[in-house]
Amino acid sequence: MYKGFYNLTSAMLTHQQNLNVVGNNMVNISTAGYKQQRYTASTFDDVMYSRVGNIYNTGEEIGRQSYIRAASQIYTDYSQGVPEPTGLPLDFAINGDGFFAVQNPDGEIAYTRMGNFSLDDGGYLCLPGYGQVLNPEGQPIYLGTDKLTATNEGLIYYDGGGLIGQLGVYTFEDNAQLTHNGMGLFTGEGAQAAQNFEVWNGYLERSNTDTVKQMVEMITYQRALQSAAQISKIYNELMARTASDVGRIV
């Protein structure tokens, strides 16, 4: 009798989660290297069985229904964002697959496409607020100056000549195994130093979020959420009237 509430509640929860994900994509449109996400939900299995029984307490399955949807996964789209020139010597963008590796003060390593680097107090190349950028051997990169140039192979030179070091670019067999660490970076096992990659100095990779598409989806999910909430109110009023009026029927 009240199974409609399951459907409506499920719809509201699903559309709200979609709005949360789309909203996060919109907020990070201007975040360098950000990869947009998508929420998926699937039918909740084994929710309820309808059976008929007899005096021997045996039953025969006569149907199976699922009244709600359950969260399945939040997928990350790792497609390439557009490289945008900045002209800043400590900005880098990866063209193709791969991630920069960043190590925080606790020694934990995370991976990112953000390349808006700077120098920390010790003169090491760092991602502000996260940690030091690593070379292909997994060691911090000491620069001591921002007067430098870099090649597409990630080799960093002093402006007047002389090799300083090399940016590390790391790849994974399957990017889908990566998870967000709560700070906008990715964590995962099995990182390998890439052998063939291309790094552009003086560029930043823009977010791969499609602004127009995200706005359309936000409007769609918002209207669907409002519709489900309104129908839920009507359904509640209908059930209340049914409960109060049925008893009056002679």
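A. How the structure looks around the sheet that holds strand 14 (residues 163–166). Taken together, the three strands give an open sheet; going across it, the order is 12-13-14, and neighbouring strands pair in antiparallel fashion. Taken across any chain shown, the strands that pair with only one partner, and hence form the sheet edges, are strand 12 (148–150) and strand 14. This sheet shows a mean twist of 25° between the axes of neighbouring strands, independent of strand direction. Here three bridges tie strand 13 (residues 155–158) to strand 14, and the two strands are oriented antiparallel to one another. The residue bridging Tyr-157 from the neighbouring strand is Leu-163, located in strand 14.

B. Summary view of the pattern of salt bridges. Summed over all chains, the structure comprises three salt bridges. Salt-bridge contacts for Lys-35 lead to Glu-205; the nearest nitrogen and oxygen are separated by 2.4 Å. Note that Lys-35 is positioned in the loop between helix 1 (3–27) and strand 1 (37–43) and Glu-205 in strand 20 (residues 203–205), a separation of 170 residues in sequence. Of the two residues examined, Lys-35 and Glu-205, each falls in the buried class. Glu-217 is the partner of Arg-38 in a salt bridge, and the nearest nitrogen-oxygen pair spans 3.0 Å. Of this pair, Arg-38 sits in strand 1 while Glu-217 sits in helix 2 (residues 211–245); the two residues are 179 residues apart in sequence, bridging distant segments of the chain. Note on Glu-217: relative accessible area 13%, which makes it buried. Taken together, the shared-partner salt bridges in this structure form one network comprising Lys-35, Arg-113 and Glu-205.

How each quantity is defined
- Residues numbered from 1 in each chain as written.
- Predicted model: local features only at pLDDT ≥ 70, side-chain atom pairs only at ≥ 80, totals over all residues.
- Heavy atoms only, no water.
- Pairing = 2+ DSSP bridges.
- Helix = DSSP H or I, 4+ residues; strand = E, 2+ residues; numbered from the N terminus.
- Axes fitted to C-alpha atoms, helices over the stretch in contact; angles between N-to-C directions.
- Salt bridge = Lys/Arg side-chain N within 4 Å of Asp/Glu carboxyl O.
- Buried < 20%, exposed > 50% of the residue type's maximum accessible area, 1.4 Å probe, protein only.

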